[in-house]
Amino acid sequence: MKYIVLLGDGMADWPLDELGGKTPLQVAHKPNMDTLAKRSLMGMVKTVPDGMPAGSDVANLSAFGFNPREVYTGRSPLEAVSMGIRLSDDDIALRCNLVTLSDTAAYQDATMLDYSAGEITTEEASELIQAIAQALNREGLSFYPGVSYRHCLVWNKGPLDLELTPPHDISGKPIREYLPKGKGSEVLLDLMVKSRDILKNHPVNIRRMKKGLNPATSIWLWGQGKRPAIPLFIEKYGLCGAVISAVDLIRGIGKASGMHTVEVPGATGNIHTNFKGKAMAALDELKSGRDLVYIHVEAPDECGHQGLVQEKIRSIELIDREVLGTLLDGLEGSGDYSILILPDHPTPIAIRTHCSDPVPFMIYRSGNPVVDENAVYTEAYASGKDLLIEKGYTLMDMFLGNR
């Protein structure tokens, strides 16, 4: 038996008036998902435990089958693992976003215009982070480039007890009340303020503005944590697994748990990604002997954060056609297989950030008979099945037939 997890990040949503009271998942044309739904076990799963942050870090740990309460040490340390950064026991890692702030005389009076600096390219961002590092690195503080707007700061002997806010939670809001708070926060705020002067007239930003693109006007620091301690996937489940994602967070979970991570050309972490390439890479991994492949697609989440309804619908349709459709064609006649489809968390258009609501899941096994001719893969249908997995990390056991 081969196993595929297809996770559409932030794919779940709330009903929208502009969609006639439906969600993007209900409106999207997704014949492959809906066909499988008729032969699948469906229900809802709570991927974010009560009291924990509704982030992709916590939710994906659950989807991987790891209990977040036992293994979660913060978001950025997982990204650092993916970047190849070696963290000591005394290091804390922080996510460093490149963001677009409004132009104000005082830093604290600015507004968060764009948490991703216009989805800046990795090449442009690398040049900017190098400029930041050259100016701001010092003993105990080091910046590292990542993918697109997502980067890392490592602070040796830095404090963990900081109150830091994800920038995608405050899109369009004044930043004053969301600036770093707690012991050591003055160090981080100083770095953020100084970054604005470094970036203001950088050639990369001048070129972006000439093209009508958002410049990266500041760094934004959040997601602090210590080196992760995640069990090996093969020891926990007895399966050899691979991870396919453009996002360092997901790749970091994979690497930390001993899974093989796959580089897919053109994979970007937004809607302009190589959807089909991810599916083809997954098929190659299965043919090479991997037992399980975890395919993560970030696009619906990015669209949700940006409040782009039609783009979110389109991203779901692309996942259905280019990823799931390619998988089903490639798996035909290749033996028994199972597919688990789910989001990690909702990213409702209405609030443009994550929430901890349960999400719809679907488990399909090849050769399953039709269970319900009327079944479709939506939040409404799944929630009506009266099956709720309260401990999200146990869904992997159910998927693998271990319970």
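Our subject in this report is the structure included herewith. (Residues numbered from 1 in each chain as written. Predicted model: local features only at pLDDT ≥ 70, side-chain atom pairs only at ≥ 80, totals over all residues. Heavy atoms only, no water.)

This brings us to the pairing of strand S9 (residues 218-225). When you tally the buried positions in S9, you get eight out of eight residues, the bulk of the element. Sheet topology places strand S3 (residues 91-101) next to S9; six bridges connect them, and they run antiparallel. Note on S9: the bridge partner recorded for Cys 96 is Leu 221. (Buried < 20%, exposed > 50% of the residue type's maximum accessible area, 1.4 Å probe, protein only. Helix = DSSP H or I, 4+ residues; strand = E, 2+ residues; numbered from the N terminus. Pairing = 2+ DSSP bridges.)

Nonpolar side chains in soluble globular proteins generally cluster together in the buried interior. Ranked by internal contacts, the top residues of the largest apolar core, which has 82 residues, are Leu 342 and Tyr 377. At 10 residues, helix H13 (residues 309-331) tops the list of elements feeding residues into this core. If near-sequence neighbours (up to four positions away) are discounted, Leu 342 is found in contact with Val 5, Leu 6, Leu 7, Gly 8, Met 11, Val 45, Ala 63, Pro 360, Phe 361, Tyr 377 and Leu 395. Core analysis: the next-biggest nonpolar cluster, separate from the first, contains 40 residues, Ile 132, Trp 155, Val 204 and Trp 220 among them. (Core = buried A, V, L, I, M, F, W, Y, C linked by side-chain atoms within 4.5 Å. Contact = heavy atoms within 4.5 Å.)

In contact at an axis separation of 9 Å, helix H6 (residues 122-136) and helix H8 (residues 203-210) are set at 145° when each is read in the N-to-C sense. Contact residues: Glu 124, Glu 127 and Leu 128 in H6; Val 204, Asn 205, Arg 207 and Arg 208 in H8. Of the residues belonging to the contact of H6 with H8, the class tally is two nonpolar, one polar and four charged. (Axes fitted to C-alpha atoms, helices over the stretch in contact; angles between N-to-C directions. Nonpolar A, V, L, I, M, F, W, Y, C, P; charged D, E, K, R; others polar.)

With that settled, consider the side chain of Ser 56. When you line up the elements, Ser 56 lands in helix H3 (residues 56-64). On the basis of relative accessible area, Ser 56 is assigned to the buried category, the value being 3%. At 3.1 Å, the side chain of Ser 56 and the side chain of Asp 344 are in polar contact. Residues contacting Ser 56, with those up to four places away along its chain left out, are Asp 9, Arg 75, Leu 249, Asp 344, His 345 and His 354. (Polar contact = N/O pair within 3.5 Å; in protein donor to acceptor, adjacent residues only side chain to side chain.)

Here we take up the packing of helix H11 (residues 275-287) against H13. H13 packs onto H11 with a crossing angle of 30° between their chain directions and a minimal axis gap of 8 Å. Of the possible angle classes, the one that applies to H11 and H13 is roughly parallel. Note that H11 runs across H13; the crossing there is right-handed. Contact residues: Phe 275, Lys 276, Ala 279, Met 280, Ala 282, Leu 283 and Leu 286 in H11; Ser 315, Leu 318, Ile 319, Glu 322, Val 323, Thr 326, Leu 327, Gly 330 and Leu 331 in H13. When its residues are assigned to classes, the contact of H11 with H13 shows 11 nonpolar, three polar and two charged. (Parallel < 35°, antiparallel > 145°, perpendicular 65-115°, else oblique. Left-handed = near helix turned anticlockwise from the far one by under 90°.)

Overall, mixed pairing links the eight strands, which are arranged S11-S10-S12-S1-S13-S14-S2-S15 in an open sheet. Two strands lie at the open edges of the sheet, namely strand S11 (260-262) and strand S15 (388-389), each paired on one side alone. The sheet contact formed by strand S2 (residues 40-45) and strand S14 (residues 359-365) spans six bridges and is antiparallel. Across the sheet, Met 42 pairs through a bridge with Met 362, a residue of S14. Helix-sheet contacts for helix H10 (residues 248-256) involve strand S10 (241-244), S11 and strand S12 (292-297), and the interaxial angle to S11 is about 150°.

This part takes up the pairing of S14. Consecutive side chains of a regular strand alternate in pointing toward one face of the sheet and then the other. Within S14, six of the seven residues are buried, which leaves it mostly tucked inside the rest of the structure. When strand S13 (residues 337-342) meets S14, the two strands line up antiparallel, connected through four bridges. Counterpart to Ile 341 in the pairing with S14 is Met 362.

Here we come to the pattern of salt bridges. Summed over all chains, the structure comprises 14 salt bridges. As a salt-bridge pair, Asp 50 and Lys 46 come within 3.1 Å of each other at their nearest N and O atoms. Residue classification places Asp 50 among the exposed positions, given a relative accessible area of 56%. Lys 46 sits in the buried class, given a relative accessible area of 15%. When salt bridges that share partners are traced, they join Arg 75, Glu 79 and Arg 95 into one network. (Salt bridge = Lys/Arg side-chain N within 4 Å of Asp/Glu carboxyl O.)

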